[in-house]
Amino acid sequence: MRVLVVEDDPVAADAHALYVGRVTGFAVAGVAHSRAEAVRVLERTGVDLLLLDLYLPDGHGLHLVRSLRAAGHSADVIAVTSARDLAIVREGVSLGVVQYVLKPFTFATLRDRLTRYAEFRATAGEASGQDEVDRALAALRAPHADGSAGLPKGLSAPTLEAVTRTLRGSAAGLTAAEAGAAVGISRITARRYLEHLVMEGRAARSPQYGQIGRPELQYRWKPATR
């Protein structure tokens with residue numbers, strides 16, 4: 001299934017595209033950083049699903065969905081947002097938003113949502129009864145709503161986001177000590193987050209030589225391939 005990632009934050013857009021590309025059956029059809037850019041991509045590219053940030057620099061994400069529905073676009077939408085306003089959630093449901101993912105989230109969280117969405121899309125034919133309809137709809141329900149699914153014990157999503165931003169913003173890369181100082185956490189704690197990013201394929205590490213004693217590990221952000 002072809003996914004359009006709509007996210008104004010370059011760091012988040014990069015991560016979301018990387019996440020989508022790692023889920024079997026899904027491919028990134030494009031990345032847009034604004035409502036207008038998303039419309040341009042949709043005009044030239046077939047898309048099955050939008051991974052849509054709700055707060056864009058040129059308008060609310062649900063306004064984009066509303067205009068797409070008026071123009072006859074039927075692509076489904078998974079909304080990603082830090083907002084917890086249930087009125088927005090209800091409005092999104094009325095426009096066909098099939099899932100909500102609260103920021104910041106991990107790869108495991110999005111993988112769960114995409115897998116459930118794929119199961120829902122795979123249902124076809126005529127239901128034999130209420131139970132079968134309920135099972136089809138239940139595929140969209142996810143047990144983790146706080147964005148923390150998949151994080152090892154002791155790691156928090158906000159700190160992971162801070163470490164990610166810091167590493168993403170360093171062209172030369174960072175040691176755990178440097179990352180910790182920038183974020184305001186200890187070197188040992190920073191290393192745990194950096195190692196988590198390496199395990200998820202979002203960062204790479206290599207030994208930093210040229211100094212007396214044991215070489216330090218240097219961590220670098222791995223840009224998403226699209």
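Coordinates for the structure precede this section.
Procedures and definitions
Residues numbered from 1 in each chain as written. Predicted model: local features only at pLDDT ≥ 70, side-chain atom pairs only at ≥ 80, totals over all residues. Heavy atoms only, no water. Helix = DSSP H or I, 4+ residues; strand = E, 2+ residues; numbered from the N terminus. Buried < 20%, exposed > 50% of the residue type's maximum accessible area, 1.4 Å probe, protein only. Contact = heavy atoms within 4.5 Å. Areas by Shrake-Rupley, 256 points an atom, 1.4 Å probe, with all protein chains shown as cover. Pairing = 2+ DSSP bridges. Axes fitted to C-alpha atoms, helices over the stretch in contact; angles between N-to-C directions. Polar contact = N/O pair within 3.5 Å; in protein donor to acceptor, adjacent residues only side chain to side chain. Parallel < 35°, antiparallel > 145°, perpendicular 65-115°, else oblique. Nonpolar A, V, L, I, M, F, W, Y, C, P; charged D, E, K, R; others polar. Core = buried A, V, L, I, M, F, W, Y, C linked by side-chain atoms within 4.5 Å. Lys, Arg positive; Asp, Glu negative; His and termini not counted. Salt bridge = Lys/Arg side-chain N within 4 Å of Asp/Glu carboxyl O.

Draft legend 1. Looking closely at the overall build of the protein chain. Across its full length, the protein chain holds 9 helices and 9 strands. A buried classification covers 44% of the 226 residues belonging to the protein chain. Taking all contacts inside the protein chain whose residues are at least 6 apart in sequence as the whole, residues at least 24 apart take part in 62%. Counting only carbon and sulfur atoms, one obtains 53% of the accessible surface of the protein chain, whose full area is about 11500 Å².

Draft legend 2. Quick look at the sheet that holds strand β7 (residues 97-102). What the 5 strands build is an open sheet, ordered β2-β1-β3-β6-β7; its pairing is parallel. Two strands lie at the open edges of the sheet, namely β2 (27-32) and β7, each paired on one side alone. Looking at each pair of strands side by side, their axes are set apart by 20° on average, direction ignored. Sheet strands touched by helix α3 (residues 61-70): β3 (49-53), β6 (76-81) and β7. Its angle to β3, the strand with the most contacts, is close to 150°. Contacts between helix α5 (residues 107-122) and the sheet are confined to β3, β6 and β7, with β7 contributing the most and set at about 170° to the helix.

Draft legend 3. Region of interest: the side chain of D48. Summarising the element assignment, D48 is placed in the loop between α2 (35-44) and β3. In this structure the side chain of D48 is engaged in a polar contact, spanning 2.8 Å, whose partner is the backbone nitrogen of R2. Look past the residues within four positions of D48 in its chain and what remains in contact with it is M1, R2, A75, D76, Y117 and R121.

Draft legend 4. Representation of the packing of helix α7 (residues 157-168) against helix α9 (residues 187-199) within the structure. Where α7 contacts α9, the two axes come as close as 10 Å, and the packing angle between them is 75°. Taken together, α7 and α9 sit at an angle that is classed as roughly perpendicular. Of the residues in α9, those in contact with T159, L160, V163, T164 and L167 of α7 are Y193, L194, H196 and L197. When grouped by side-chain class, the residues that make up the contact of α7 with α9 number 6 nonpolar, 3 polar and no charged.

Draft legend 5. Representation of the nonpolar core within the structure. Counting residues in each nonpolar core, the largest one holds 22 residues, and the members touching the most others are L4, V6, L50, L52, L62 and Y100. At the level of secondary structure, the elements contributing two or more residues to this core comprise β1 (2-6), α2, β3, α3, β6 and β7. If one sorts the elements of this core by residue count, α3 sits on top with 4 residues. Setting aside residues up to four positions removed in sequence, L52 forms contacts with V6, G61, L64, V65, V77, I78, A79 and V80.

Draft legend 6. Representation of the side chain of R202 within the structure. By secondary structure assignment, the location of R202 is in the loop between α9 and β8 (203-208). Summary of buried charges: R202 has no salt-bridge partner, and the nearest side chain of opposite charge, E200, is 4.0 Å away. Reaching out from R202, the side chain makes a polar contact with the side chain of Y19 at a distance of 2.4 Å. With near-sequence residues (within four places) excluded, R202 lies in contact with A15, L18, Y19, T164, L197, R220, W221 and K222.

Draft legend 7. Representation of the pattern of salt bridges within the structure. Taken as a whole, this structure holds 9 salt bridges when the rule is applied. Salt-bridge contacts for D48 lead to R2; the nearest nitrogen and oxygen are separated by 3.2 Å. Within this pair, whereas D48 is found in the loop between α2 and β3, its partner R2 is found in strand β1, the two being separated by 46 residues in sequence. Residue D48 is classed as buried on the basis of its relative accessible area, which comes to 18%. The salt bridge involving R116 is made with D112; its shortest N-O contact spans 3.1 Å. Taken together, the residues span about one helical turn, with R116 and D112 both in helix α5 at a distance of 4 residues. Through salt bridges with shared partners, a single network forms among E7, D53 and K103.

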